Amino acid sequence: MKLIGDKPATPVIIALGANLPFADMFPVETLRSALTAISEDALTISGASSFWSTPCFPRGAGPDYVNAIILAHVDVQASPAMILTILHRIEAKFGRERQERWGGRTLDLDLIAWGDSVLPDAETQDAWRNLSAAEQAQRAPDQLILPHPRMQDRAFVLVPMAEILPDWRHPLLGLTVREMLAALPEEDREAVKRIAVT
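Presented here is an overview of the structure given in this document.

Conventions we followed
- Residues numbered from 1 in each chain as written.
- Predicted model: local features only at pLDDT ≥ 70, side-chain atom pairs only at ≥ 80, totals over all residues.
- Heavy atoms only, no water.
- Helix = DSSP H or I, 4+ residues; strand = E, 2+ residues; numbered from the N terminus.
- Rg over C-alpha atoms; globule rule 2.2 N^0.38 Å.
- Contact = heavy atoms within 4.5 Å.
- Areas by Shrake-Rupley, 256 points an atom, 1.4 Å probe, with all protein chains shown as cover.
- Salt bridge = Lys/Arg side-chain N within 4 Å of Asp/Glu carboxyl O.
- Buried < 20%, exposed > 50% of the residue type's maximum accessible area, 1.4 Å probe, protein only.
- Arc of directions from axis to C-beta.
- Polar contact = N/O pair within 3.5 Å; in protein donor to acceptor, adjacent residues only side chain to side chain.

Below, the discussion takes up the overall build of the protein chain. When its secondary structure is counted, the protein chain shows seven helices and seven strands. Across the protein chain, helices and strands are ordered from the amino to the carboxyl terminus as β-β-α-β-β-β-α-β-α-α-α-α-α-β. Expected size for 198 residues packed as a compact globule is a radius of gyration near 16 Å; at 16 Å, the protein chain falls within 12% of this value. By its C-alpha atoms, the protein chain is 45 × 40 × 30 Å across when sized along the principal axes. In the protein chain, once contacts between residues fewer than 6 apart in sequence are set aside, the share between residues at least 24 apart is 67%. As displayed, the protein chain offers around 9,900 Å² of accessible surface, 52% of which is attributable to carbon and sulfur atoms.

Take a look at the structure:
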């Protein structure tokens, strides 16, 4: 187990995304700045994917996104709710406004997984994971669901995640990231393109 100082740490997987400019920054610059902000605010980043260009979700709803995945570690004393609060605070610093479901974002930080924890319980996670596409567009959970109930459906999460955590295994599905990615349509996988950044 990784240690922070002399304390055990919990592995945390976070997805980053942006498709709208903030102040004088374009999305790639915003994500770089967000990584700095995350590392300065209670989390130790131990792995980060490349940046990837992905079609806006739903397709055609706005400019393409820049996405990435990080593996971070947090003092075992912290809670997922506490980390989510920190992520929301960082989003707000970068102009995030929660006005429209699946709308454009200056910065989106999603808590994807907290180790191999299932929150709040397997039954609730299963229910949200199995929502129809129409229900997904209309409903949002009022509590934290982990692992993120849509992660297995989204190439923009799985492609960068496969770069740094190909063998992470979903605690309920029993599938690795590599296996979940392979199960997606080829069109979805190929739409996610690595960004060459300098």
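Scanning the model with the defined rule gives seven salt bridges in all. We note a salt bridge from Asp-108 to Arg-105, for which the minimum N-O separation is 2.8 Å. Close ionic contact of Arg-169 with Glu-179 constitutes a salt bridge, the shortest N to O distance being 4.0 Å. Linking Arg-169 in the loop between helix H5 (155–164) and helix H6 (177–182) with Glu-179 in helix H6, this pair joins segments that are ten residues apart in sequence. Taking relative accessible area as the criterion, Arg-169 reaches 46% and is therefore assigned partly exposed.

Buried within helix H3 (residues 122–129) are the following residues: Thr-124, Gln-125, Trp-128 and Arg-129. Within H3, the buried residues cover an arc of 130° as seen down the axis, which keeps them to one side.

With respect to the helices and strands, His-73 occurs in strand S5 (residues 65–75). Judged by its relative accessible area of 8%, His-73 is buried. In terms of polar contacts, His-73 uses its side chain to reach the side chain of Ser-46, at 3.0 Å.

Structurally, Glu-40 is set in the loop between helix H1 (27–39) and strand S3 (44–48). Along the primary structure Glu-40 and Arg-189 are separated by 149 residues, whereas in three dimensions their C-alpha atoms are 33 Å apart.

Spatial relationships are all this shows, so hold off on functional conclusions.
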